[in-house]
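Each chain, written out:
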Amino acid sequence: MNTQTFVTHMPDKPGAFMSAVKVISRNNGNIIRVSFNKAVDFHTLFVEVRADDGALERISKELLMLGYLKNELSVSKVVVVNIKIDDSPGKLYPVLKILDRYDINISYMNSIEHGGGHQNFKMGLLIEDPQIIKNVLDDISELYPIDIIDYNDEEPNLDNTIFYIRMGNEIQKMFSLSKMKTMEFIRESNRILQMLQDRGEDPNRVFEHVLHLAKFMAEHRGDNFRPDISVTDVTENTKLHVIEPPCGSNTYILENGNELLFVDTGFAIYADEMMLILRSIFADFDERGKKIMITHADVDHCGLLSVIEDAEILMNEKSAEGLLKQYNHLTDLREENAFCLGYSRLSMIFSGYVPPDPSRFRIMGKDVPNDHEEMIKIDTLVFGDISLDVYEGSGGHLPGEMIFVSDEPKLMFTGDIYVNTGGLTKGRNEFNALAPYLMGSVNVNSERAKRMRETITEMLKRSDGTWMICSGHGAVETKRADI
């Protein structure tokens, strides 16, 4: 069974939704989410359905036949007009009759009575076929004086369906998205809107944050992709390269001889920029032996897994399960938390993320309890002259989360279990603040996440010497064990 969200455009009349439900029920579909708020979005209704692939295809065809299905973005235009109508009974009816004849929806209307025996009717007319605009205005002007008012983005009462479409078109251009991906963006924006509205958030603020997230990612591509890059000799034979991007997680690379060991790989949207950097750091990059370890299966840590095709990918069973779900277009381990679903999908859309081929996975650790609240050592990985102990966390941030610990040299790769928030630049801190707003919390289980952070702190206190802590976000932190 799979799920599909249908973006429907239903007529504003009794029984419209019932007709759609009949189509879904007749094809053994199960409605698992409905989103419609007439005060926010006058025409569009989002219906998420679970059914087998054949049933979903039949439902799509029947909704299309009803004229309910929006398979692509309409190039809609809102013309805001002011019509001077005699202040007497029945004078508005001829205007409404013209609009009905051209199948025009009114997205906004108000009237103010003025002296002189007339009222000014201000209307927002949603016209999906630009060819008929002139005809509509000409027909109305034969009856009443009419003024055209320039469209105002800040008009508070205009139908938010227009905003969805305009925002979708903006995102489509920003990321060169297909129509299918643009519609997916609109669906996931609606999902986030619905969740945050339930918390009492202003819809306009929600949209602003979604656009802010998109623009931040888009604006840091190409020449504007300026990560902080550093290299440290951690042993006589091994170097640690750190690439800290403007958005997304850090990428760490241990270099020993001709071998490279990655820890996380950042966002896919910066794949081209990252590959240029990697080939400039390592002149013979394509000929080198490569392995990649992931701290967890979030898209901002796994972006280059499908790009660096000749690398073996090391992970535990839970992370492999999450990536396999992504590969098969199923709800992954983060998306199983409804509050995280919209943000996760938006990140995939914006970044152009492609899940890696599961045949490249190498599983670390066996027979680990499915649910545990402790940090459990599951394996040891030897890379050159460094031995890394592999620990699985309790899943507070995400099921399958891991940390990698070397006692000599004292290196700790913590992923997002421990983040050096004090080491974030202003821009990176601004970007990192968007995720908690758009999904409620970056953690699947905040209490467990807190205990895992405390566990790492205790591990440091029980040891000796000075550690290099390489967290998921923020600069590398040098920390004395006894502090």
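On a predicted model such as this, the values are computed, not experimentally measured, just so you know.

Further remarks concern the sheet that holds strand β14 (residues 361-363). If you walk across this open sheet you meet the 7 strands as β8-β9-β10-β11-β12-β13-β14, and the pairing is mixed. A single partner strand is all that each edge strand has here, and the edge strands are β8 (228-233) and β14. Between one strand and the next, the sheet's axes are offset by a mean angle of 20 degrees, whatever the strand orientation. Both β8 and strand β9 (residues 238-244) contribute to a ladder of 6 bridges, which runs antiparallel.

Here we take up unusual backbone geometry. Of all residues except glycine, most have a negative phi; of all peptide bonds, most are trans. The omega torsion across glutamate 408 and proline 409 is 0 degrees, close enough to zero to call that bond cis. With respect to the helices, strands and loops of the structure, proline 409 is situated in the loop between β17 (402-406) and β18 (411-415). Notably, aspartate 103 is not glycine yet its phi reads approximately 60 degrees, a positive angle. Structurally, aspartate 103 can be placed in the loop between α3 (93-101) and β5 (105-114). Owing to a relative accessible area of 67%, aspartate 103 belongs among the exposed residues under this scheme.

Okay, the pairing of strand β20 (residues 477-480) next. Relative to β20, strand β19 (residues 466-471) runs antiparallel, the two being bridged by 4 bridges. Bridging across to β20, methionine 468 finds its partner in threonine 478. Hairpin connection between β19 and β20: a loop of 5 residues separates the two successive antiparallel strands, and glycine 474 in this loop has a positive phi of roughly 100 degrees.

Our next topic: the packing of aromatic side chains. With the rule as written, the count across this model stands at 6 aromatic pairs. Ring geometry for phenylalanine 185 against phenylalanine 350: centres 5.8 Å apart, planes inclined by 40 degrees, an arrangement best described as tilted. Here phenylalanine 185, found in helix α6 (residues 179-198), pairs with phenylalanine 350, found in helix α10 (residues 338-351); they are 165 residues apart in sequence, far enough to count as distant. Owing to a relative accessible area of 2%, phenylalanine 350 belongs among the buried residues under this scheme.

Before going further, it helps to examine helix α2 (residues 53-66). Under the 1.5 Å per step criterion, the end-to-end length of α2 is 20 Å for 14 residues, consistent within 8% with the ideal 20 Å. Those residues of α2 that sit buried are Ala55, Leu56, Ile59, Ser60 and Leu63. Buried residues in α2, looked at end-on, bunch into an arc of 140 degrees, giving them a common side. For α2, exposure combined with an orientation more than 90 degrees from the buried face picks out Lys61 and Met65. Considering only its buried residues, α2 is in contact with β1 (2-9), α1 (16-26) and β3 (44-51). By the N-cap criterion, in which a side-chain oxygen at the helix start approaches the backbone nitrogen of a residue two or three places on, α2 is capped by aspartate 52, the distance to glycine 54 being 3.2 Å. A positive phi of about 85 degrees marks glycine 67, the residue just after α2.

Here we take up the nonpolar core. Nonpolar side chains tend to gather and get buried jointly when the protein is soluble and globular. Counting 90 residues, the largest nonpolar core has Ile171, Leu254, Leu278 and Phe413 as the members making the most contacts within it. Of the residues forming this core, the biggest block, 9 residues, is contributed by helix α7 (residues 203-219). If near-sequence neighbours (up to four positions away) are discounted, leucine 278 is found in contact with Ile243, Ile253, Phe262, Phe285, Leu304 and Ile308. With 18 residues, the next largest nonpolar core counts Phe121, Met123, Ile132 and Val136 among its residues.

Moving on, we get to the sheet that holds β1. If you walk across this open sheet you meet the 3 strands as β1-β3-β2, and the pairing is antiparallel. Of all the strands in the sheet, just β1 and β2 (30-35) have a single pairing partner and so form its edges. For this sheet, the mean angle separating the axes of adjacent strands, direction not counted, is 20 degrees. Here β1 runs beside β3; their pairing, made up of 8 bridges, is antiparallel. Of the residues in β3, the one forming a bridge with threonine 3 is arginine 50. Against the sheet, α2 touches β1 and β3, its axis set at about 5 degrees to β1.

All right, on to the layout of surface pockets then. If a probe as big as a water molecule is rolled over the atoms, it shows which places are left empty. Counted as a void, the largest pocket has a volume near 1500 Å³. Thr3, Gln4, Glu184, Arg187 and Arg345 are, among the 45 residues lining the largest pocket, the residues nearest its centre. At the level of elements, β1, β2, β3, α2, α6, α9 (317-327) and α10 are the ones that each hand at least two residues to the lining of the largest pocket. Ranked by residue count, the leading element in the lining of the largest pocket is α6, at 10 residues. Of the residues assigned to the lining of the largest pocket, the class counts are 20 nonpolar, 11 polar and 14 charged.

Below, the discussion takes up the environment of isoleucine 32. With respect to the helices and strands, isoleucine 32 occurs in strand β2. The class for isoleucine 32 is partly exposed, based on a relative accessible area of 35%. With residues up to four places along the chain from it excluded, the contact list for isoleucine 32 reads Thr3, Glu48 and Arg50.

Take the confidence of the model for the protein chain next. For the protein chain, mean pLDDT is 84; residues scoring 70 or higher make up 90% of the total. A low-confidence stretch, residues 152-159 stays under pLDDT 50, and its non-local contacts, those more than four residues away or across chains, total 16 contacts.

Here we come to the pattern of salt bridges. Throughout the structure, instances matching the rule amount to 20 salt bridges. Put simply, arginine 345 and glutamate 188 hold a salt bridge, and the shortest N to O gap is 3.9 Å. Residue arginine 345 is found in helix α10, and its partner glutamate 188 is found in helix α6; the two are separated by 157 residues along the sequence. Like glutamate 188, arginine 345 is buried.

Scoring rules and cut-offs
Residues numbered from 1 in each chain as written. Predicted model: local features only at pLDDT ≥ 70, side-chain atom pairs only at ≥ 80, totals over all residues. Heavy atoms only, no water. Pairing = 2+ DSSP bridges. Helix = DSSP H or I, 4+ residues; strand = E, 2+ residues; numbered from the N terminus. Axes fitted to C-alpha atoms, helices over the stretch in contact; angles between N-to-C directions. Buried < 20%, exposed > 50% of the residue type's maximum accessible area, 1.4 Å probe, protein only. Phe/Tyr/Trp six-rings, centres within 6.5 Å; stacked < 30°, edge-to-face > 60°. Expected span 1.5 Å × (residues − 1). Arc of directions from axis to C-beta. Contact = heavy atoms within 4.5 Å. Polar contact = N/O pair within 3.5 Å; in protein donor to acceptor, adjacent residues only side chain to side chain. Core = buried A, V, L, I, M, F, W, Y, C linked by side-chain atoms within 4.5 Å. 1 Å grid on protein atoms, 1.4 Å probe; cavity = no way out; pocket = protein on both sides within 12 Å on 5 of 7 lines; lining within 4 Å. Points joined across faces, edges and corners; volume = space filled by probe spheres on them. Nonpolar A, V, L, I, M, F, W, Y, C, P; charged D, E, K, R; others polar. pLDDT = per-residue confidence, 0-100. Salt bridge = Lys/Arg side-chain N within 4 Å of Asp/Glu carboxyl O.

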